Amino acid sequence: MQQSLPVERHTPDVSAALPVLRLLNPGRHTRIVLASLLFALTISALAVYLRWLPLWVATALVLLLMLPAGILKWRDDKAAYGATVMLLSILVSAQGLHTVEHFAQYTQYHTLYWTMRASNGLLSPANAEWVHFAWNWSILAAVLLLMRGGVRGVWVWLLLIVAGLHTIEHTYTFVRYQLVLAELRGLGVANIPAQGLPGIVGRDGWLARSEWTRNTWVCGLPGLTTAVRLDVHFWWNAIEMALILATAHVYLRRTPPFGKPATRAA
């Protein structure tokens, strides 16, 4: 009787189907990352519970304690794939955390029914016009550096367009914010913040008020001239994050670690 040979069972390589997971996998630093996260969350939660620190300080503490592990991970990405993938890894992490912040604001306003003013997310001091302005210009610069580093394709071009429009939105808001502050100073008014001003899109935005677009088909598009500012920027960041992940997915399928042959993406 012929003996049958044992059948080999191959564990599916999830990172091959979803190569973007390589950017999220800490690799040999997994223990350091998990230990840092557990320690940071424990200390921060205890500090908030005992009212030693406000929520935003505790959140900043978590990010600060996680940064060394992140730097180690990004150094490994550079050694294995090069500077472009390292930048892509940093962008996924940074914009991912930024999207979480906008999701927190969205939840506070729509689920917890907090006021718009109180729905400032986990890092409330960071919800400032100059922070949004600097952040979005940094994201746009990072996308341009990725393209210079060889990232190509329809997804990165769509990402460039969305990041550019998002940056224009925040530049307009930042300039308007400075003008309003100047007017208040001219009137002798101090200590009144002018945060949260409408931008180009959304309720009371430029499109809703401009003579060129008022009462046209533009104002009939869902949310374009009616959405509150919090919703507008939630969707800006959600779309931007989705395009970053799509860009990373396509690029990593074509980018093997150094020393390994490249395979053609389907």
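Asks: Explanation requested: the pattern of salt bridges in the structure shown.
Replies: Oppositely charged side chains can form a pair if their charged atoms are brought close together. Inspection of the entire model under this criterion finds three salt bridges. Residues glutamate 129 and arginine 229 are paired through a salt bridge, measuring 3.0 Å at the closest nitrogen-oxygen approach. Here the residue glutamate 129 occupies a position in helix H6 (residues 129-148), and arginine 229 occupies one in helix H9 (residues 229-253), the gap between them amounting to 100 residues.

Asks: Would you explain the packing of aromatic side chains in this entry?
Replies: The description of an aromatic ring pair rests on the distance of the ring centres and on the angle between the ring planes. Applying the stated criterion to the full structure yields five aromatic pairs. When the centroid spacing of 4.4 Å and the interplanar angle of 15° are considered together, the rings of phenylalanine 133 and phenylalanine 174 count as stacked. Linking phenylalanine 133 in helix H6 with phenylalanine 174 in helix H7 (residues 154-186), this pair joins segments that are 41 residues apart in sequence. According to the relative accessible area criterion, phenylalanine 133 is partly exposed, its value standing at 25%. With centroids separated by 5.1 Å and ring planes inclined at 85°, the aromatic side chains of phenylalanine 234 and tryptophan 235 adopt a geometry described as edge-to-face.

Asks: Sorry, what's going on with a nonpolar patch on the surface here?
Replies: Side chains of Val154, Trp155, Leu158, Ile161, Leu165 and Ile168 sit close together on the surface and give an oily, nonpolar patch of about 560 Å² of accessible area. Among the structural elements, isoleucine 168 can be located in helix H7.

Asks: I tried to follow unusual backbone geometry on my own but got confused; where do I start?
Replies: Among all residues except glycine, the phi angle is most often negative; among peptide bonds, the trans geometry is most common. Non-glycine residue arginine 51 carries a positive phi angle of around 60°. Take arginine 51: it is sitting in the loop between helix H3 (30-49) and helix H4 (55-81). Here tyrosine 113, not a glycine, exhibits a phi torsion of approximately 60°, which is positive. Mapped onto the secondary structure, tyrosine 113 falls in the loop between helix H5 (83-110) and H6.

Asks: Help me understand the layout of surface pockets, please; the structure alone is not making it clear to me.
Replies: One simple way to see leftover space: roll a probe sized like a water molecule over the atoms. The volume enclosed by the largest pocket comes to roughly 1,200 Å³. What lines the largest pocket is a set of 40 residues, among which Leu63, Met66, Ser93, Ala94 and Leu97 lie closest to the centre. Elements represented by at least two residues in the lining of the largest pocket include exactly helix H2 (21-24), H3, H4, H5 and H6. Sort the elements by how many residues they give to the lining of the largest pocket and H4 lands first, with twelve residues.

Asks: I tried to follow the packing of H5 against H6 on my own but got confused; where do I start?
Replies: Packed helices, taken two at a time, are described by their axes: the angle between them and the distance between them. Relative to each other, H5 and H6 sit at 150°, their axes nearing to 10 Å. By the angle between their directions, the pair H5 and H6 is classed as roughly antiparallel. Here the hand of the crossing between H5 and H6 comes out left-handed. Residues Thr84, Leu87, Leu88, Leu91, Ala94, Gln95 and His98 of H5 lie in contact with H6, whose contacting residues are Trp135, Ile139, Ala142, Leu145 and Leu146.

Asks: Looking at this model, I keep getting lost on the side chain of glutamine 95. Mind explaining?
Replies: With respect to the helices and strands, glutamine 95 occurs in helix H5. Other than its neighbours up to four places away in sequence, glutamine 95 contacts Trp135, Ile139, Asn237, Glu240, Met241 and Ile244.

Asks: I keep staring at the confidence of the model for the chain and nothing clicks. Help me out?
Replies: For any part of a model where pLDDT is low, the fine detail of the predicted coordinates should not be relied upon. With 87% of its residues at a pLDDT of at least 70, the chain reaches an overall mean of 84. Taken element by element, the predicted model of the chain shows its lowest mean pLDDT in helix H1 (residues 14-17) (60) and its highest in H6 (95). Below pLDDT 50 for its whole length, residues 5-12 participates in zero contacts with residues either more than four positions away or in separate chains. Taken as a whole, residues 261-266 scores under 50 in pLDDT and shows eight contacts with residues more than four places along the chain or in a different chain.

Rules and cut-offs
Position numbers for residues start from 1 in each chain and track the written sequence from start to end. In keeping with the predicted nature of the model, local features appear solely for residues at pLDDT of at least 70, side-chain atom pairs appear and are counted solely at 80 or more, and the whole-chain, interface and lining totals rest on all residues. The side-chain values count all of the structure's non-hydrogen atoms but skip hydrogen atoms and water molecules. In what follows, salt bridge is the name for a side-chain nitrogen of Lys or Arg lying within 4 Å of a carboxyl oxygen of Asp or Glu. Strands here are runs of E lasting at least two residues and helices are runs of H or I lasting at least four, both read from the DSSP assignment and numbered beginning at the N terminus. Stacked, tilted and edge-to-face are the three classes applied to pairs of Phe, Tyr and Trp rings, where Trp contributes its six-membered ring and a pair requires centres within 6.5 Å; stacked means planes under 30 degrees apart, edge-to-face means over 60, and tilted covers the rest. Only protein chains enter the accessibility calculation, which uses a 1.4 Å probe. A residue is then buried if its area is under 20% of the maximum for its type, exposed if over 50%, and partly exposed in between. Every patch collects residues that have over 30% relative accessible area and no salt bridge, joining them within 9 Å if they carry like charges and within 5 Å if they are nonpolar side chains (Val, Leu, Ile, Met, Phe, Trp, Tyr). Computed with a 1.4 Å probe, the accessible areas rest on the Shrake-Rupley method; for each residue, only the protein chains presented here act as cover. For cavity detection a 1 Å grid was placed over the protein atoms alone, and a set of points counts as a cavity when a 1.4 Å probe fits there but cannot get out; an open set counts as a pocket when protein lies on both sides within 12 Å along at least five of seven lines, with lining residues being those that have an atom within 4 Å of a point. Grid points are joined across faces, edges and corners, and a volume is the space filled by probe spheres set on the points. Where helices are involved, their axes are fitted lines through C-alpha atoms of the stretch in contact, as for all axes, and angles between N-to-C directions lie from 0 to 180°. Any angle from 65 to 115 degrees is called roughly perpendicular, while one under 35 is roughly parallel, one over 145 is roughly antiparallel, and all others are oblique. Handedness of a crossing is defined here by the sense of rotation of the near helix relative to the far one, left-handed for an anticlockwise turn of less than a right angle and right-handed for a clockwise turn. Throughout, a contact is declared for two residues whenever any of their heavy atoms are within 4.5 Å. What pLDDT expresses is the predictor's confidence in each residue, scored from 0 to 100.

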